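Structural characterization, general
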Amino acid sequence: MKTKNSGQGCGKCRRRKRRGATCKQCHTPQLYKQIERVVSEGTGYLDADTRGFDEVSWMRLCMAPAPPCQAIDLIMRGEVSNAFVPVRPPGHHATAERAMGFCLFNNVAVAARYAQNHYSEIERVAIIDWDVHHGNGTQGVFYDDPTVFFFQLISIRGIPEPEPEANMAWAEVWVLR
């Protein structure tokens, strides 16, 4: 990251832990408890392709929203002018009520809501989702929220493989009101 006075090109910040309170900004208490239970019991799947995780994974999962929220704090305090946060998973399939598509919590949605809840000058947020397939969770979390603009580019070639006559890359834009 580049600070206003440092002249450095980029760098790392020390990560801060943010536990459930941050994730709960965009997810129901039932989802949080379900994931917590699956992790503590070490039991199966949350959906067809989303497994529960162990305690170490749970700790990392709860830490994942911290870097985007920390980047927002740094920008808003004027310590940096921009930030890139390669957080995994972004969580764009996780809805408010359900984990799916390998996504347990929606870190993008959590960061957007964090920005709005912690900085009164941030009234509106734009989310740009560029992926091979639809970020249904992010769309669902903010579908009825006019303060969040969700823009998505989707290229579905290969996942799942389209019909042979439609086997070409394409993009679609989903815009929330």
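Residues numbered from 1 in each chain as written. Predicted model: local features only at pLDDT ≥ 70, side-chain atom pairs only at ≥ 80, totals over all residues. Heavy atoms only, no water.

1. With respect to the overall build of the chain
Let me state the cut-off plainly: Every helix listed is a DSSP run of H or I at least four residues long, and every strand listed is a run of E at least two residues long, numbered separately from the N terminus. When accessible area is computed with a 1.4 Å probe and restricted to protein chains, residues below 20% of their type maximum are described as buried, those above 50% as exposed, and intermediate ones as partly exposed. We call two residues in contact whenever any of their non-hydrogen atoms come within 4.5 Å of each other. Here the accessible surface of atoms and residues is derived via Shrake-Rupley with a 1.4 Å probe, and residues count as covered only by protein chains that are part of the display.
If you tally the helices and strands in the chain, you get six helices and four strands. When each of the 177 residues of the chain is scored for burial, the buried share is 40%. A separation of at least 24 residues holds for 58% of the contacts in the chain among residues at least 6 apart in sequence. With the model as given, the accessible surface of the chain reaches about 10,600 Å², and the carbon-plus-sulfur share is 55%.

2. Some details on the environment of Phe149
Along the chain, Phe149 turns up in strand β4 (residues 148–154). For Phe149 and Val125, which are 24 residues apart along the polypeptide, the C-alpha to C-alpha distance reads 6.2 Å.

3. A look at the nonpolar core
How we decide: Grouping buried Ala, Val, Leu, Ile, Met, Phe, Trp, Tyr and Cys residues that are joined through side-chain atoms within 4.5 Å yields what is termed a nonpolar core.
The biggest cluster of nonpolar side chains holds 18 residues, and the ones touching the most others in it are Ile72, Ile127, Val141 and Phe142. Looking at this core, the elements that each hand over two or more residues are α4 (66–76), α5 (107–118), β3 (125–131), α6 (136–142) and β4. It is α5 that contributes the most residues to this core, six residues altogether. Core analysis: the next-biggest nonpolar cluster, separate from the first, contains 13 residues, Ile35, Val38, Cys62 and Phe105 among them.

4. Section: unusual backbone geometry
A positive phi is found at Phe102, a non-glycine position, where the angle reads about 70 degrees. Mapped onto the elements, Phe102 comes out in the loop between α4 and α5.

5. Digging into the pairing of β4
Convention followed: When DSSP finds at least two bridges between two strands, those strands are taken to pair. Convention used here: a crossover is right-handed provided that the path from the first strand, over the helix, to the second strand proceeds clockwise when the strands point away from the viewer.
Taking every second residue as pointing to the same face, the buried face of β4 carries Val148, Phe150, Gln152 and Ile154, while none of Phe149, Phe151 and Leu153 on the other face is buried. Where β3 lies against β4, seven bridges are found, and the strand directions are parallel. The residue of β4 that forms the bridge with Trp130 is Leu153. With α6 bridging β3 and its parallel neighbour β4, the resulting β-α-β unit is right-handed.

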